[in-house]
Amino acid sequence: MPGQFQHTLDSLIDEISSLLVFGVSSVMLFGLPEHKDSIGSGASDDDGILQQASRRVKHEFGDDIVLFTDLCLDEFTDHGHCGVLDAHGKVDNDATLLRYQAAALAQARAGVDFVGPSGMMDGQVAAIRQALDGGGFIDTGILAYSAKYVSGLYGPFRDAVNVEIAGGGDRRAYQQDFTNRREAMVEVQLDIDQGADIVMVKPAVTYLDVISDIAQAVDIPVAAYHVSGEYAMVKAASERGWIDGTAVAIEQITAVKRAGADIILTYFASELAAVVDE
Ligand code: PBG
């Protein structure tokens, strides 16, 4: 996507330095390992790329940066699913929870402030909270991807992290059906009961109703993730001269805020921060 790059450990530090100049003080990291395997080993390896990057960021910036990490297996598995598979090739929910616990501990050891489980496995927040507390990481928070929909808008992200779901598969078994509005509230309540510190809706602009419902119902911060496809559509139309990309980006991100999001994850962060700064 235009304006988006896979970073090295060094370029990541430069990127965050420039974000800080514009007052963007929180980032979420995703890891892209050199080798993928069936259990996504890189996600829980202390020397995995995400853990190395997190340690580096915390070492350079300390508390000046609030560091979030995506906690999932799909970037690390050779089959591209968010969990480990059973003998029939289906995602094994409970075996996956053990992998998420190991990944959470590795991220916490690396100094991450908030882990962000994005795999939509049942019981993931409770399992991760238990592992973190057991490891003494009582201050490591959980940003739960609570209402994450099966969406056509994740395509550019999957390209960026070289994720292809084996056999042309999909994530319908674990992500939410976008025709269902009420299920989001059930998922959010479950995550809060299990110890989530922040709940998130994803994607953003096509789910403003859901963001609004949740923002009115809960008293913890609500995040919204303006995803890769949302960014890509604005960029592509803007490159063709069909819309004013910056104006539309501001309009969309403002709509997400107006719907009730306290925190917005967006690929527009640096671009909009620079505009706001002017
Ligand atoms: C899963 C994950 C995905 C995204 C964030 N975390 C991909 C997926 O669910 O297939 C998508 C983000 C985006 O499109 O910007 N690790």
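Rules of the game
Residues numbered from 1 in each chain as written. Predicted model: local features only at pLDDT ≥ 70, side-chain atom pairs only at ≥ 80, totals over all residues. Heavy atoms only, no water. Pairing = 2+ DSSP bridges. Helix = DSSP H or I, 4+ residues; strand = E, 2+ residues; numbered from the N terminus. Axes fitted to C-alpha atoms, helices over the stretch in contact; angles between N-to-C directions. Right-handed = clockwise from strand over helix to strand, strands pointing away. Buried < 20%, exposed > 50% of the residue type's maximum accessible area, 1.4 Å probe, protein only. Contact = heavy atoms within 4.5 Å. Nonpolar A, V, L, I, M, F, W, Y, C, P; charged D, E, K, R; others polar. Near = heavy atom within 4 Å. Polar contact = N/O pair within 3.5 Å; in protein donor to acceptor, adjacent residues only side chain to side chain. Areas by Shrake-Rupley, 256 points an atom, 1.4 Å probe, with all protein chains shown as cover. Core = buried A, V, L, I, M, F, W, Y, C linked by side-chain atoms within 4.5 Å.

**Q** Explanation requested: the sheet that holds strand β4 (residues 141-148) in the structure shown.
**A** Paired through backbone hydrogen bonds, the strands of a sheet run either parallel or antiparallel to each other. One open sheet holds the 7 strands; their spatial order is β1-β2-β3-β4-β5-β6-β7, and the pairing between them is parallel. Of all the strands in the sheet, just β1 (26-29) and β7 (263-266) have a single pairing partner and so form its edges. Put simply, the sheet's adjacent strands are angled 25° from each other on average, direction ignored. Pairing between strand β2 (residues 66-71) and strand β3 (residues 114-117): 4 bridges, direction parallel. Bridge assignment links leucine 71 to a residue of β3, and that residue is proline 117.

**Q** Just to check I follow, could you spell out the pairing of β3 for this structure?
**A** Every other side chain in a regular strand lies on the same face of the sheet, so the side chains alternate between the two faces. Chirality of the crossover, the property in question, places the unit of β2, helix α3 (residues 93-109) and β3 among those that are right-handed. Bridge analysis of β3 against β4 gives 2 bridges, and the strand direction is parallel. Each residue of the ladder has a partner; that of valine 115, found in β4, is isoleucine 142. What joins β3 to β4 is helix α4 (residues 124-134), and the crossover it makes is right-handed.

**Q** Any chance you could explain the pairing of strand β5 (residues 198-202) here in plain terms?
**A** Counting buried positions over the 5 residues of β5 gives 5, a clear majority of the element. The sheet contact formed by β4 and β5 spans 5 bridges and is parallel. Looking across to β5, one finds that leucine 143 is bridged to isoleucine 198. For the crossover from β5 across helix α7 (residues 208-217) to strand β6 (residues 222-226), the handedness is right-handed.

**Q** How should the environment of proline 2 be read in this particular structure?
**A** Along the chain, proline 2 turns up in the segment before α1 (9-21). Its relative accessible area of 37% is what places proline 2 among the partly exposed residues. For proline 2 and serine 146, which are 144 residues apart along the polypeptide, the C-alpha to C-alpha distance reads 29 Å. What proline 2 contacts, discounting residues up to four positions off in sequence, is Tyr231, Lys235 and Glu239.

**Q** I tried to follow the packing of α7 against helix α9 (residues 245-259) on my own but got confused; where do I start?
**A** At a minimum axis distance of 8 Å, the contact between α7 and α9 shows a crossing angle of 35°. The segment α7 lies against α9, with Leu208, Ile211, Ser212 and Ala215 engaging Ala255, Val256 and Ala259. Its residues assigned to classes, the contact of α7 with α9 comprises 6 nonpolar, 1 polar and no charged.

**Q** Looking at this structure, how should I read the site of the ligand?
**A** Taken together, 18 residues surround the ligand, and among them Asp74, Arg158, Lys202, Ser228 and Tyr267 come closest. Measuring from a nitrogen atom of the ligand, one finds a side-chain N or O atom of aspartate 74 at 2.6 Å. In this structure, an oxygen atom belonging to the ligand sits 2.5 Å away from a side-chain N or O atom of tyrosine 267. Contact with the protein chains covers 100% of the free accessible surface of the ligand, which is 400 Å². Among the residues making up the shell around the ligand, the classes are represented as 8 nonpolar, 3 polar and 7 charged.

**Q** Teacher, can you tell me more about α4 here?
**A** Each α-helix winds once per 3.6 residues, and so residues spaced three or four apart point in a common direction. Where α4 is concerned, the buried positions are Gln124, Val125, Ala127, Ile128, Arg129, Ala131 and Leu132. For α4, the elements touching its buried residues are β2, α3, β3, β4 and α6 (182-193). Count one or two residues on from α4 and you reach glycine 136, which has phi positive near 85°.

**Q** Explain the nonpolar core to me, please; I cannot follow it from the model alone.
**A** Counting residues in each nonpolar core, the largest one holds 56 residues, and the members touching the most others are Leu29, Val57, Tyr100, Ile128, Val210, Ile211 and Ile214. A total of 5 residues in this core trace back to one element, the largest contributor, which is α3. By size, the runner-up hydrophobic cluster in this structure holds 22 residues, among which are Leu153, Val163, Tyr267 and Leu272.

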